[in-house]
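Each chain, written out:
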Number of protein chains: 2
Amino acid sequence: MTDVSSRERAAPPPPVDTDTAAAAVPRDTSRDGQLQRIEAYALSHGAPLWNALRRVPPLNAVVNRALINRAILTIPPRPNPLSTMASYTSWPSLTDRTFDSRHLPPSPAPSALPDLGAATALFARTATRPCPKSTVFFAYFAQWLTDGFLRSDRGDPPDPRKNTSNHEIDLCQVYGLTESVTRLLRSGDGGLLKAQDIDGEEYPPFLCSGGVVRPEFRGLSVVGFDELTASQRDRLFALGGDRSNSQLGYTAISVLFLREHNRIARLLAAEYPRWDDERLFQTARNVLTILLIRIIIEEYVNHITPYHFRFRLDPTVGRGSHGMGRILVEASGQRAGRIALHNTAPELLHLERASLQQARTVELAPYNAYRAMIGVPRATSFAQLTADRTIQRQLRELYGHVDRLEYFVGLFAEDLRPNSALPNLVGRLVAADAFSQVLTNPLLAPRVFTERTFSPLGMRLLRQPCTLGELVRRNVGRTEAQALRTGTITMTWAGWRRQAETGVTRGGRRPDA
Amino acid sequence: MTDVSSRERAAPPPPVDTDTAAAAVPRDTSRDGQLQRIEAYALSHGAPLWNALRRVPPLNAVVNRALINRAILTIPPRPNPLSTMASYTSWPSLTDRTFDSRHLPPSPAPSALPDLGAATALFARTATRPCPKSTVFFAYFAQWLTDGFLRSDRGDPPDPRKNTSNHEIDLCQVYGLTESVTRLLRSGDGGLLKAQDIDGEEYPPFLCSGGVVRPEFRGLSVVGFDELTASQRDRLFALGGDRSNSQLGYTAISVLFLREHNRIARLLAAEYPRWDDERLFQTARNVLTILLIRIIIEEYVNHITPYHFRFRLDPTVGRGSHGMGRILVEASGQRAGRIALHNTAPELLHLERASLQQARTVELAPYNAYRAMIGVPRATSFAQLTADRTIQRQLRELYGHVDRLEYFVGLFAEDLRPNSALPNLVGRLVAADAFSQVLTNPLLAPRVFTERTFSPLGMRLLRQPCTLGELVRRNVGRTEAQALRTGTITMTWAGWRRQAETGVTRGGRRPDA
């Protein structure tokens, strides 16, 4: 690694926790790209300087804008000329967004592409490999967030070229993908979403009764519904997302946003007693959508990037001990698994296989083409991706040359960079997409982002501190809040934070090392 | 008028042909706005200077860009915060584009709004009032073009808040509003649209046989179909637009674009013999869409604006004497009616009434609010709109004060400005919308407007001169072209052109005066 000090090389970090674990020599950085290397070094070093910058608001705003623009311009601007509809551009391919947009033209697979099973085996977990930076809460939030717009076709069989996305941050996880679903979820009074009280806390109503979907919820869909028993069905919540019940953390975040919606609606109703249900609901939704956008930029993107610079961050913490709060606090205490090869549990390997298969079906360009797209030199050896000699050897055996490496495998074959939660290529793509998707949201347009759209009260709510921790804190009952004093809602592992705070990162050394 | 010389006042122009006809004193220009007045004066005077500019391409390009940007910025940028869905902004109102977007918030009508019949009567034709600048061909093209995106709801009864537009320049008049309609219109071979030969010329196939829609065309709709006799139905063409058969000029322009599509597809097929029907069709459509966009900017907008500056114009003329060509040449020889009050034929007055009614139903803001929106001072007297004392008196009797004047009436109450085909407010709104709508077309995006999208041949076709005259010339058979030597395809009346060429406009005098 570029920034591994000689001291660190002399005393290698514990094997389970770093990318140099299986490596006698560090990763070959000769093809990292000079500009990228300088930029990454500057941004992930000199923490005191970056901290000082934060105290000069006008300068901070300029740097904020410049870094965001630079992150967005990592990938060419939309619209993409091609989609999965065809290998050439047409009016339908530019306008029919049920087909996936392509960053690069399709690239027929080289004849020597390895067997699907062998490529899938690269993902199978071989040892516990925790992420140096992230908690399980980060993984929960990332899944919940991206499920709002990265929505592969759910047909039977699914069409690998298509999606069911609205292509906007619109909180469809809470409000549903369509207006007709939204109607089913609304109470019709006071702008509220339907809810029930369980142990003094607000939860969505149950979807079913006696294993059958209640009449008022006909039109809501749940992934995997047919495989559930009647008693399992009776414990499903009625929520906008078809995956909202698939996993505890996912459900907890949906409950959190439902409570925040109803909290905002009640505040608006008190402030504007003449407003009808419709206006209260729509204005609460406007406010909640901007809250999510702030969280994405100020909490999620800041966690992903390895930079010391904070994209408009207001750090606060939340506390809790039962129900939704407890789940999220627990997730904030657990380290996430590292995003890497050889770290997928056996029961999930079929998903990696399906992803590989989908990528091959739509003829995604190879890994090196995506490096070139974001301005990083093409790799000429597997040692430029990872210091792990075992992985280098496996990739060489499977693909022969790095030019033939598949995109999907390459994304996860890269070592983490210092301070990162994600490998370089996937991190840059996620940041570029997050910023450009989020900042073009119609609610942020100059003439829309006004008091008229959000109401004066709504604008005040938007100026308050806004992190997921704050959201939890203000959406748990009094008893729970009391009991939660020791908990923290965070995407960043406490061990990493402790080390970052004591300045271990300043020399370029990773806090997990 | 600002620029009417004392010589002109001394010898007033013939009564039927100018805006000062019924006026002893010229229009009060004190509220025209200083900046607008200077700008309009500079752009509509000094023709030799503007002609010289055209011969310095880099400078011409800079001015072209600056003037287009200025025209677009006349109105606030999209997205508009409000639509006709509600009086406040919501996620559905921002994203559901079947509701009309609003430039200004709804404005409940003042109680003193005149009777609908009385307001409609303002439009009834009282004398022949020809337009000083436009031919009937301009009117044909304007109707055909705007029908592609200004599409009021056609329901029964129609919803005055809604539209059936795709909101893009997508040639739906030729290709239909949806992919399923497009499929019905395609021959399935060589990228061609279905066509038939009539007297050696290419026409769309007939929609019906024996008064019944042919099976291959089930799914096409025709406005007013139920009121037609079987023999009338048998003369309908199968075309994408539901109004394509409503009027001869409209049909002629649709036929013209169908022929140009097939001409391009045949050229592509000869150049790229391995391409299948789909790729030939889609690429021909890409090329034809850009041709239309060039025509809008270089011919239509240049005709509308009173400026001497030409937005990238390549003036050419076309010739013809029979069929489609003949219709368009004839329309190019006739003067259009002036866009003004008191100039609507009795049989069309019900449309003015319906427009007034729709504007009242959706509570459009009054005329003065739209003036303020584009940066022109609010009028304080009707004499600032028109020099016509009769109209001033009628408006005063109906509305009392100019602040209560309805938008729709005000648009047409304004006198034409020198060199203009349209009154000031409507002209500025049309130019702003045309440029901003056209220039954001996805086919013009930097990474899309490439040889890959249009093919090398397609790019060569796009660099050719491209006016409606050229389009006609290359899409009539040899015999017709021979016979058409004396004809001209133009939006601009020959009388106006002759006067403009002899420089009568230079002193600010209108060529029609």
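Just so we're clear, the structure is a prediction, and the values are computed from it rather than from any experiment. (Residues numbered from 1 in each chain as written. Chains lettered and ligands numbered in written order. Predicted model: local features only at pLDDT ≥ 70, side-chain atom pairs only at ≥ 80, totals over all residues. Heavy atoms only, no water.)

J.: Please clarify how the pattern of salt bridges should be interpreted in this entry.
T.: Two side chains of opposite charge can pair, provided their charged atoms sit close to one another. This model, assessed by the stated rule, comprises 44 salt bridges over all chains. When the shortest N-O distance is used, the salt bridge between A:Glu202 and A:Arg266 registers 2.8 Å. In this pair, A:Glu202 is assigned in strand β5 (residues 201-203) and A:Arg266 in helix α11 (residues 248-271), connecting sequence segments 64 residues apart. Put simply, B:Asp147 and B:Arg154 hold a salt bridge, and the shortest N to O gap is 3.8 Å. For B:Asp147, a relative accessible area of 9% gives the class buried. Overall, B:Arg154 belongs to the partly exposed group, its relative accessible area being 29%. One salt-bridge network, in which partners are shared between bridges, spans A:Asp147, A:Arg151, A:Arg154, A:Asp242 and A:Arg243. (Salt bridge = Lys/Arg side-chain N within 4 Å of Asp/Glu carboxyl O. Helix = DSSP H or I, 4+ residues; strand = E, 2+ residues; numbered from the N terminus. Buried < 20%, exposed > 50% of the residue type's maximum accessible area, 1.4 Å probe, protein only.)

J.: Is there a simple way to think about helix α19 (residues 451-463) of chain A in this case?
T.: Residues and elements named next belong to chain A. Here α19 spans only 12 Å end to end across 13 residues, well under the 18 Å set by a 1.5 Å rise per residue. A bend of about 75° at Leu-457 is the largest found in α19. Looking at the buried side of α19, the elements it contacts are α11 and α12 (277-304). (Expected span 1.5 Å × (residues − 1). Bend = angle between axes of the 7 residues up to and from the residue. Contact = heavy atoms within 4.5 Å.)

J.: Help me out: how do you make sense of the packing of aromatic side chains in this one?
T.: Ring pairs (aromatic) are described by centroid distance and by the angle formed between their planes. Residue and element names in this part refer to chain A. Applying the stated criterion across every chain yields a total of 26 aromatic pairs over all chains. An angle of 15° between the planes, with centres 5.8 Å apart, marks the rings of Tyr-203 and Phe-237 as stacked. Taken together, the residues span a long stretch of sequence, with Tyr-203 in strand β5 and Phe-237 in the loop between α10 (230-233) and α11 at a distance of 34 residues. Look at Tyr-203 and you get buried, because its relative accessible area is 13%. According to the relative accessible area criterion, Phe-237 is buried, its value standing at 12%. Measuring from centroid to centroid gives 5.6 Å for Phe-206 and Phe-237, while their planes differ by 5°, and the two rings are stacked. Of this pair, Phe-206 sits in the loop between β5 and β6 (208-209) while Phe-237 sits in the loop between α10 and α11, and the two are 31 residues apart along the sequence. (Phe/Tyr/Trp six-rings, centres within 6.5 Å; stacked < 30°, edge-to-face > 60°.)

J.: Sorry, what's going on with the interface of chain A and chain B here?
T.: When the parts of a complex come together, some accessible area is lost, and that lost area is often taken as the interface size. Residue-level contacts link 31 residues of chain A with 31 residues of chain B. Of the roughly 2,700 Å² buried where chain A meets chain B, counting both sides, 66% is carbon and sulfur surface. Contact with chain B buries surface across chain A, with A:Tyr88, A:Trp91 and A:Arg447 losing the most and accounting together for 33% of the total. Our count for the chain A to chain B interface comes out at zero salt bridges. Among the elements of the structure, α5 (91-95), α12 and α19 of chain A are those that each provide at least two residues to the side of chain A that touches chain B. It is α12(A) that provides the largest number of residues to the side of chain A that touches chain B, a total of five residues. (Buried area = accessible area lost by both parts, 1.4 Å probe.)

J.: Can you help me understand the relation of the copies chain A and chain B in this one?
T.: Superposition of the two copies of the chain requires a rotation about an axis together with a shift along that axis. Once chain A has been moved 0.0 Å along the axis and rotated by 180°, it coincides with chain B to within an RMSD of 0.0 Å. These values place the two chain copies in the arrangement generated by a two-fold rotation axis. Looking at chain A, 100% of its interface residues are interface residues in chain B too, so the copies touch through the same face. (Least-squares fit on C-alpha atoms with pLDDT ≥ 70 in both.)

J.: Before we go on, may I ask you to explain the packing of α11(A) against α19(A) in this structure?
T.: Residue and element names in this part refer to chain A. Where α11 contacts α19, the two axes come as close as 10 Å, and the packing angle between them is 135°. In terms of orientation, α11 lies oblique with respect to α19. Crossing handedness for the pair α11 and α19: right-handed. Between α11, through Ile-264, Leu-267, Leu-268 and Glu-271, and α19, the contact on the second element is made entirely by Ser-455, Leu-457, Gly-458, Arg-460 and Leu-461. (Axes fitted to C-alpha atoms, helices over the stretch in contact; angles between N-to-C directions. Parallel < 35°, antiparallel > 145°, perpendicular 65-115°, else oblique. Left-handed = near helix turned anticlockwise from the far one by under 90°.)

J.: Where do I start with the packing of helix α4 (residues 57-72) of chain A against helix α18 (residues 424-439) of chain A in this structure?
T.: For any two helices packed against each other, one specifies the crossing angle of their axes together with the interaxial distance. Residues and elements named next belong to chain A. At a closest axis distance of 7 Å, the pairing of α4 and α18 adopts a crossing angle of 110°. Classified by the angle between their axes, α4 and α18 sit roughly perpendicular to one another. Contacts between α4 and α18 involve Ile-68, Ala-71 and Ile-72 from the former and Ala-432, Phe-435, Ser-436 and Leu-439 from the latter. Taken together, the residues of the contact of α4 with α18 sort by class into six nonpolar, one polar and no charged. (Nonpolar A, V, L, I, M, F, W, Y, C, P; charged D, E, K, R; others polar.)

J.: So what exactly am I meant to see when it comes to unusual backbone geometry here?
T.: The amide bond that connects A:Asp156 to the next residue, A:Pro157, takes the cis arrangement and shows omega of 0°. With respect to the secondary-structure elements, A:Pro157 resides in the loop between α7 (136-146) and α8 (172-175). Despite not being glycine, B:His167 shows a phi value in the positive range, around 60°.

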